[in-house]
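# An overview of the molecular structure
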Amino acid sequence: MELYRLKAHEIKKLIEDKEVKAEEVTTAFLNRIDKVDEKIGAYLYVAREEALKSAKEVDEKIAMGEDLGQLAGIPIAVKDNISVRGMQNTCASKMLEGYVSPYDAFVTEKLKKNNAIILGKTNMDEFAMGSSNENSAFKIVRNPWDLTKVPGGSSGGSAASVAACEAALSLGTETGGSVRQPASFCGIVGLKPTYGRISRNGVVAFASTLDQVGTFGRDVKDCALLTGTIAGIDKGDFTTVDEVVPDYTKFLTKDVKGTRIGVPTEFLQGLDNKIRAKIEEAIEVLKENGAIVEEISLPLAKYSLADYYIIACAEASSNLARFDGIRYGHRAKDFKDSVDIYFKSRTEGFGEEVKRRIMLGTYVLSAGYYDAYYKRALKVRKLIKEEFDKVFKNYHVIITPTSPTTAFKIGEKTKDVLSMYLSDIYTVPANVAGIPSISVPCGMVDGMPVGMQIMGNYFQEGKLFNLAYSYEQSTNYHKEMPRL
């Protein structure tokens, strides 16, 4: 039995039934990383010694009959902008190269309390800025389904690690689609929770009013298991909400009878015919399972992408100001004065995409432009949120494609910045509004996975898992795996 091919909930049962040991499982995944990650590039750091030590401790606790929590012995990968004590946290940037975190993020603490095995830190677009994982300062990540194509971004390393069976589960972060889009490209399940559902404490900030920790799994049950484990209020993060965290696995039934689904016509216009056909086929499956589907309109959604980039870049400009070579981050060796060290350190430490977004953010926050851009963007954001609120008075969920395309070729869009930004056109509305959203595999087009996006009302992640599971159990796409 190839343990690394099993899903997290399958591994969990084997460990609980004492059919396998956590050390066996961890060793299987570490060996898998050794075998395939040179081709994929999903990891920036593999915590072999730490993982094996943790696995042995789990086995000892099991032998002593201790209560171990929901993720005992499950190997998990963590994106390299989420702090894990004693491990690097570089954000895939030269600015933080060599930095080792002295503390755990809130979500990392949750993983450890539940005896999960952290395998290492995954590659990403630098400071989580990108849609292809080509912006890493150290190496690009390749899609396990086709090594000539991107895995999506910015959480491409986390998505690829799960798709390539280099981790059973993984954590990523979302600002404008950075979990759902790579989940779609890599043929796995990815969830962006409600803003405030999962703590950002210990996550390096990109855009604070948009950033969220998201979860990846090979199927819906895995994603639900991980999400329920790390969700909840954190006194160290005032944006988290004191809302009861249900057992999301209890929502996993095929019964969706009476669920009202809205399909925005705007999201299907101009869409590739092959991808549109897969989304329409998926909707038919949900109809057969008892859901009620109607066309709706979200006319303001088309402004989400522009709105997102103004807000995100403005907040990035502010958040990344701390990395100046004096307080934090890379410091240039040769400099004349304080201005020179600031200029050279940031020039050397940041990559092109990060510089582009800092400059755009600084511009929209500058005197004379703040009211015209940033302040207006906040007003538009409120209108978009209100539009979603109106829809959710009549519908339980909204279904759209996750991405307008399947995974594209490496290098295909690096020189066309606007085309790259448009990769997030279907995902950013959920971030702007702060609502939860999940991507689930719904077929293949030209040998590459396609994702269906399900958006729901605030703190209705359970409903998303219900719909996603109902669809998943009526199809076989979640059983398909890339050949490596």
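In this text the structure is predicted, and so the values were computed from the model without any measurement.

## Thoughts on the pairing of strand 2 (residues 75-79)
Burial analysis of strand 2 places five of its five residues in the buried class, the great majority of the element. On strand 2, burial covers both faces: P75, A77 and K79 on one face and I76 and V78 on the other are all buried. As defined by bridge partners, strand 2 adjoins strand 3 (residues 117-122) across five bridges and the pair is classed as parallel. Bridged to I76 within strand 3 is I118. Tracing the backbone out of strand 2, into helix 4 (residues 106-113) and back to the parallel element strand 3 gives a crossover that is right-handed.

## Topic: helix 11 (residues 352-365)
The end-to-end C-alpha distance of helix 11, which contains 14 residues, comes to 20 Å, matching closely the 20 Å that a straight helix rising 1.5 Å per residue would cover. Along helix 11, the residues classified as buried are E353, V354, R357, I358, G361 and V364. Axial view of helix 11: buried residues confined to an arc of 135 degrees, hence all on one face. Structural note: helix 11 exposes E352 and M359 on the side pointing more than 90 degrees away from its buried face. Check the buried side of helix 11 and you find it contacts helix 9 (304-319), helix 10 (338-349), helix 12 (371-391) and helix 13 (417-421).

## Quick look at the state of the cysteines
Going through the model one piece at a time under the given rule, you end up with zero disulfides. Left unpaired, C313 is separated from the closest cysteine sulfur, that of C91, by 16 Å. With no disulfide partner, C442 has as its closest neighbouring cysteine sulfur the one in C186, 15 Å distant. A relative accessible area of 1% means that C442 is categorised as buried.

Rules and cut-offs
- Residues numbered from 1 in each chain as written.
- Predicted model: local features only at pLDDT ≥ 70, side-chain atom pairs only at ≥ 80, totals over all residues.
- Heavy atoms only, no water.
- Buried < 20%, exposed > 50% of the residue type's maximum accessible area, 1.4 Å probe, protein only.
- Helix = DSSP H or I, 4+ residues; strand = E, 2+ residues; numbered from the N terminus.
- Pairing = 2+ DSSP bridges.
- Right-handed = clockwise from strand over helix to strand, strands pointing away.
- Expected span 1.5 Å × (residues − 1).
- Arc of directions from axis to C-beta.
- Contact = heavy atoms within 4.5 Å.
- Disulfide = S-S within 2.5 Å.

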